[in-house]
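This is what each chain is made of:
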Amino acid sequence: MILKKIEQLLQEINALTADNAGQIEELRIKYLSKKGAINALMADFRDVPAEQKKEVGMKINELKTAAFAKVNALKEQFEAGNNESNHLDLTRTPYPVRLGTRHPLTIVKNEIINIFGRMGFSLAEGPEVEDDLHVFTKLNFAADHPARDMQDTFFVETNENVVRNIILRTHTSSVQARVMEKTQPPIRVICPGRVYRNEAISARAHCFFHQIEGLYIDKNVSFTDLKQVLLTFAREMFGADTKIRLRPSYFPFTEPSAEMDISCNICGGKGCAFCKHTGWVEILGCGMVDPNVLESCGIDSSVYTGYAFGLGVERITNLKYQVSDLRMFSENDVRFLDEFKSAN
Ligand code: PHE
């Protein structure tokens, strides 16, 4: 008789469900409190014949354990469900915190700024949307110079007519002009920034890239000063045994002008695909500031001389990190950026 009751209760308890904390508490009271169903069995227990007491006692204990377990399980279930649905803390910091990385071009730009900073150059910046005056005219570009052609320069268009005076700067040399306009020598600045040229995008060319311009104007500045500063830069950037070579070149705003190569950092000058098997890689253009430029920016060219240089940040980054495709710099692929974690 009592065994049957125990069996029934056990089945009942195993099938229990509850929707909220109140119901769980009701069930606990119904089965497990002093006046609950399990304690009520004790009245019947007194009538159990002595030889069965052991067996029945064990069954009652099992029932009690099962009831406790069930009530606890319901509580846990309810709390877990409750947390997921009602108590999600959307403001909590998701761990582990994923740190971002600096962009490789930023890492290299900062390194270049630091090197020139130690040589006494301060920073100057200018606008990316520029006028013809600062990008070309003040820099001694003839009115019919091909660089003004639509092939190279992005002109800012209005709805109907093309405003040819407003352009995206094609080089950071425009910042030279702006600095000289505002400041009398001595001037010693570097000007990092993005520049734009109307080129088809490929692995080796892009319609925007980054340059760092250098400008030094004072009395008695000579080409030797320029060469020494560039050699120091190359050695600091690429190692003490780096060699440089200057090749004569032409820029409207410098005279004489040169392009500078450094010994290929990738093959150590032996020749590889990157340096097209020459052992040398071009990294910048430079020269003595043309007196016409000084005069057009309000600096007396009979008193002052100076040098300027403009280096390509992508090229230098490639030499350091061998990025094979220029497009990777602007795609923001996290897998690419993650590779620069240790360089930060
Ligand atoms: N502005 C030139 C270019 O974009 C580089 C340069 C800068 C050359 C300063 C000489 C002096 O190619």
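Computed from a predicted model, the values in this text were never measured in an experiment. (Residues numbered from 1 in each chain as written. Predicted model: local features only at pLDDT ≥ 70, side-chain atom pairs only at ≥ 80, totals over all residues. Heavy atoms only, no water.)

Undergrad: So, the site of the ligand: which residues are in play, and what are the values?
TA: Residues in close proximity to the ligand total 14 residues, the closest being His171, Ser173, Arg197, Gln211 and Glu213. Contact between the ligand and Ser173: a nitrogen atom at 3.0 Å from a side-chain N or O atom of the residue. Protein coverage of the free-state accessible area of the ligand, which is 320 Å², stands at 89%. Listed by contribution, the elements that provide at least two residues to the shell around the ligand are helix H7 (173-182), strand E6 (208-218), strand E9 (280-289) and strand E10 (305-312). In terms of residue count, E10 provides more of the shell around the ligand than any other element does, three residues in total. (Near = heavy atom within 4 Å. Polar contact = N/O pair within 3.5 Å; in protein donor to acceptor, adjacent residues only side chain to side chain. Areas by Shrake-Rupley, 256 points an atom, 1.4 Å probe, with all protein chains shown as cover. Helix = DSSP H or I, 4+ residues; strand = E, 2+ residues; numbered from the N terminus.)

Undergrad: Got a sec to walk through the packing of helix H1 (residues 2-14) against helix H3 (residues 37-45)? Specific residues and values, please.
TA: Running from amino to carboxyl end, H1 crosses H3 at an angle of 175°, the nearest separation of the two axes being 11 Å. The pairing of H1 with H3 is recorded here as roughly antiparallel in orientation. Touching Ile2, Lys5, Ile6, Leu9 and Ile13 of H1 are Ala37, Ile38, Leu41, Asp44 and Phe45, all from H3. Across the contact of H1 with H3, the residue classes tally to eight nonpolar, no polar and two charged. (Axes fitted to C-alpha atoms, helices over the stretch in contact; angles between N-to-C directions. Parallel < 35°, antiparallel > 145°, perpendicular 65-115°, else oblique. Contact = heavy atoms within 4.5 Å. Nonpolar A, V, L, I, M, F, W, Y, C, P; charged D, E, K, R; others polar.)

Undergrad: Please set out the nonpolar core residue by residue, giving values where relevant.
TA: Membership of the largest hydrophobic core comes to 45 residues, with the highest contact counts inside it found for Ile112, Phe116, Phe233, Tyr307, Phe309, Leu311 and Ile316. Where this core is concerned, the elements lending two or more residues are helix H5 (104-118), E6, helix H8 (223-238), strand E8 (254-263), E9, E10, helix H10 (313-321) and helix H12 (334-338). At eight residues, H8 tops the list of elements feeding residues into this core. Other than its neighbours up to four places away in sequence, Phe116 contacts Phe121, Ile190, Val229, Phe233, Phe309 and Leu311. Counting residues in each nonpolar core, the second largest holds 24 residues, with Val189, Cys191, Phe253 and Ala308 among its members. (Core = buried A, V, L, I, M, F, W, Y, C linked by side-chain atoms within 4.5 Å. Buried < 20%, exposed > 50% of the residue type's maximum accessible area, 1.4 Å probe, protein only.)

Undergrad: Please give an account of the packing of aromatic side chains that cites residues and values.
TA: Evaluation of the coordinates by the stated rule reveals 14 aromatic pairs. Centre to centre, the rings of Tyr321 and Phe340 are 5.1 Å apart; their planes meet at 85°, and the pair counts as edge-to-face. You can see Tyr321 sitting in helix H10 and its partner Phe340 sitting in the segment after H12, a full 19 residues away along the chain. With a relative accessible area of 30%, Tyr321 lands in the partly exposed category. Exposure remark for Phe340: the relative accessible area of 6% places this residue in the buried category. Taken together, the aromatic side chains of Phe116, Phe121, Tyr216, Phe233, Tyr307 and Phe309 make up a single cluster linked through ring pairs. Over the ring of Phe45 we find Lys53, and its NZ or CZ is 5.3 Å from the ring centre. The residue whose ring lies beneath Arg194 is Phe208, and the NZ or CZ to ring-centre distance is 4.5 Å. (Phe/Tyr/Trp six-rings, centres within 6.5 Å; stacked < 30°, edge-to-face > 60°. Lys NZ or Arg CZ within 6 Å of the ring centre and 35° of its normal.)

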